[in-house]
Amino acid sequence: MREYGVERDLAVYNQLLNIFPKEVFRPRNIIQRIFVHYPRQQECGIAVLEQMENHGVMPNKETEFLLIQIFGRKSYPMLKLVRLKLWFPRFMNVNPFPVPRD
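Per an unreviewed UniProt entry, the protein chain goes by ECSIT signaling integrator and derives from Homo sapiens.

Visitor: Got a minute to help me understand the side chain of serine 75 in this structure?
Guide: Residue placement: serine 75 occurs in the loop between helix H4 (61–71) and helix H5 (76–91). At 3.2 Å, the side chain of serine 75 forms a polar contact with the backbone oxygen of glycine 72.

Visitor: Would you explain the pattern of salt bridges in this entry?
Guide: A side chain of one charge can pair with a side chain of the opposite charge when the charged atoms of the two come close. Inspection of every chain in the model, using the stated rule, returns three salt bridges. The salt bridge involving glutamate 23 is made with arginine 26; its shortest N-O contact spans 3.3 Å. Overall, glutamate 23 belongs to the partly exposed group, its relative accessible area being 37%. Given a relative accessible area of 25%, arginine 26 falls into the partly exposed group.

Visitor: Could you clarify how one ought to interpret the packing of aromatic side chains in this entry?
Guide: Where two aromatic rings form a pair, the distance of their centres and the angle of their planes describe that pair. In total, this model carries five aromatic pairs according to the counting rule given. Judged by centre distance (6.2 Å) and plane angle (85°), the rings of phenylalanine 20 and phenylalanine 25 are edge-to-face. In this pair, the class of phenylalanine 20 matches that of phenylalanine 25, namely buried. When the centroid spacing of 6.1 Å and the interplanar angle of 20° are considered together, the rings of phenylalanine 25 and phenylalanine 71 count as stacked. Separated by 46 residues along the polypeptide, phenylalanine 25 in the loop between helix H1 (10–18) and helix H2 (30–34) and phenylalanine 71 in helix H4 bring together distant segments of the chain. In terms of burial, phenylalanine 25 and phenylalanine 71 fall into one category: buried. By the ring-pair criterion, three or more aromatic residues cluster together here, those being Phe20, Phe25, Tyr38 and Phe71. The lysine or arginine in question, arginine 90, covers the ring of tryptophan 87, its NZ or CZ lying 5.3 Å from the ring centre.

Visitor: Just to check I follow, could you spell out the packing of helix H3 (residues 39–55) against H5 for this structure?
Guide: Think of two packed helices as two axes; the pair is described by the angle between the axes and how far apart they sit. Where H3 contacts H5, the axes come no closer than 8 Å and their chain directions differ by 15°. Taken together, the axis directions place H3 and H5 in an arrangement best described as roughly parallel. In this structure, H3 meets H5 at a crossing whose hand is right-handed. Contacts from Gln42, Ile46, Leu49, Glu50, Met52 and Glu53 in H3 reach Tyr76, Pro77, Lys80, Leu81, Leu84 and Phe88 in H5. Across the contact of H3 with H5, the residue classes break down as eight nonpolar, one polar and three charged.

The rules behind the values
- One numbering rule holds for all chains: residues counted from 1, following each sequence as written.
- At least 70 in pLDDT is required for a residue's local features to be given in this predicted model, at least 80 for side-chain atom pairs to be given and counted, and no such filter applies to totals for whole chains, interfaces and linings, which use all residues.
- Computation of side-chain values covers all heavy atoms of the structure but excludes hydrogens and water.
- Only DSSP runs of H or I with at least four residues qualify as helices, and only runs of E with at least two residues qualify as strands; both kinds are numbered from the N terminus onward.
- Side-chain atoms alone can form a polar contact between residues adjacent in sequence; in general such a contact is a pair of N or O atoms within 3.5 Å, and within protein one must be able to donate a hydrogen while the other accepts it.
- Think of a salt bridge as a Lys or Arg side-chain nitrogen and an Asp or Glu carboxyl oxygen that are within 4 Å of each other.
- Accessibility here uses a 1.4 Å probe with only protein chains present; expressed as a share of the type maximum, an area under 20% marks a residue as buried, one over 50% as exposed, and anything in between as partly exposed.
- In this analysis, rings of Phe, Tyr and Trp, with Trp reduced to its six-membered ring, are considered paired at centre separations within 6.5 Å, and the interplanar angle assigns stacked below 30 degrees, edge-to-face beyond 60, and tilted for intermediate values.
- We call a charge positioned above a ring when the Lys NZ or Arg CZ atom is no farther than 6 Å from the ring centre and deviates by at most 35 degrees from the ring normal.
- Every axis in this analysis is a line fitted to C-alpha atoms, fitted for helices over the stretch in contact. Angles between the N-to-C directions lie between 0 and 180 degrees.
- With respect to orientation, any angle under 35 degrees is reported as roughly parallel, any angle over 145 as roughly antiparallel, any angle of 65 to 115 as roughly perpendicular, and every other angle as oblique.
- In this scheme, a crossing is called left-handed if the near helix is turned counterclockwise away from the far one by less than a right angle; it is called right-handed if the turn is clockwise.
- By definition in these notes, contact holds between two residues if any of their heavy atoms fall within 4.5 Å.
- Under the grouping applied here, Gly and all other residues not named as nonpolar or charged are polar, the nonpolar ones being Ala, Val, Leu, Ile, Met, Phe, Trp, Tyr, Cys and Pro and the charged ones Asp, Glu, Lys and Arg.

Written out as structure tokens, the structure reads:
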């Protein structure tokens, strides 16, 4: 992503999440919910969200809607999104001497 200069573009991250099939990775019963259902796919979704976090990209409603469609409300990627939405606005103006982005 750095090669093409799109590491700070929210639309690219949403398109990456849109690649996942919808309604497939959602747990259907309580046993699937207790054990991590499709762990590799959830780790991949978390990796996309971590890359968003590292580059300072704030997720929007479309990102949340995509994660609900793909993994469901009670999944680890959704938990990561809720944490991002909680802490990003709090740390936005923490530096009194902000450094401009490239």
